[in-house]
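Survey of secondary and tertiary structure
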Amino acid sequence: QVQLVESGGGLVQPGGSLRLSCAASGSIFRFNAMHWYRQAPGKEREWVAGITSGGSSNYADSVKGRFTISRDNAKDTVYLQMNSLKPEDTAVYYCNAVQRTPWISAWGQGTQVTVSS
């Protein structure tokens, strides 16, 4: 059973930057894709970005051009670089690892990001 641990959240002013990390307890290379989700107070969890084992990435329209997802297989870590942060980016950010065969979907405990002046 893989364990995912997010870190890097915090309080930042609008326009600022943060880099989130998601460290896995084992190799992330076996996962077909790694994703970042977020959940704001009173809202449903939403997908933010994803990256495949081959390195292809995709983003939600709300973060495209501002956020960058990357992975370091040697460190079994996935990152989310967040630039030009807005108050509406405030949420708990979760890391998710997906393996298709056999099906595995693992989640981290989340890290709080607050964008406020």
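Predicted model, so just to flag it, every value in this text is computed and none were measured.

The rules behind these values
Residues numbered from 1 in each chain as written. Predicted model: local features only at pLDDT ≥ 70, side-chain atom pairs only at ≥ 80, totals over all residues. Heavy atoms only, no water. Pairing = 2+ DSSP bridges. Helix = DSSP H or I, 4+ residues; strand = E, 2+ residues; numbered from the N terminus. Axes fitted to C-alpha atoms, helices over the stretch in contact; angles between N-to-C directions. Disulfide = S-S within 2.5 Å. Buried < 20%, exposed > 50% of the residue type's maximum accessible area, 1.4 Å probe, protein only. Phe/Tyr/Trp six-rings, centres within 6.5 Å; stacked < 30°, edge-to-face > 60°. Lys NZ or Arg CZ within 6 Å of the ring centre and 35° of its normal. Polar contact = N/O pair within 3.5 Å; in protein donor to acceptor, adjacent residues only side chain to side chain. Contact = heavy atoms within 4.5 Å.

Take the sheet that holds strand S1 (residues 4-7) next. Backbone hydrogen bonds hold the strands of a sheet together, and the pairing may be parallel or antiparallel. Pairing is antiparallel across the open sheet formed by four strands, whose spatial order is S1-S3-S8-S7. The sheet is open, and its two borders are formed by S1 and strand S7 (67-72), each paired with just one other strand. Taking the axes of each pair of neighbouring strands and ignoring which way they run, one obtains an average angle of 15° across the sheet. Of the strand pairs in this sheet, S1 and strand S3 (residues 18-24) are connected by four bridges, and their pairing is antiparallel. Paired with Ser 7 across the strands is Ser 21, a residue of S3.

A complete count under the given rule lists one disulfide for this structure. The disulfide partner of Cys 22 is Cys 95, and the gap between their sulfur atoms is 2.1 Å. Linking Cys 22 and Cys 95, the disulfide has an S-S dihedral of approximately -80° and is accordingly described as left-handed. Of this pair, Cys 22 sits in strand S3 while Cys 95 sits in strand S9 (residues 91-99), placing them 73 residues apart in sequence. The residues Cys 22 and Cys 95 share a single accessibility class, namely buried.

So, about the packing of aromatic side chains. Scanning the entire structure with this criterion turns up one aromatic pair. The ring of Tyr 94 has Arg 45 sitting right over it, with the charged end atom 3.8 Å from the ring centre. The ring of Trp 107 has Arg 45 sitting right over it, with the charged end atom 4.7 Å from the ring centre.

On to the side chain of Gln 99, then. Inspection of the secondary structure puts Gln 99 in strand S9. Looking at Gln 99, the relative accessible area reads 8%, which means it is buried. Reaching out from Gln 99, the side chain makes a polar contact with the backbone oxygen of Pro 102 at a distance of 3.2 Å. When neighbours within four sequence positions are excluded, Gln 99 is seen to be in contact with Arg 30, Phe 31, Asn 32 and Ile 104.

Function cannot be read off these values alone, since they describe shape.
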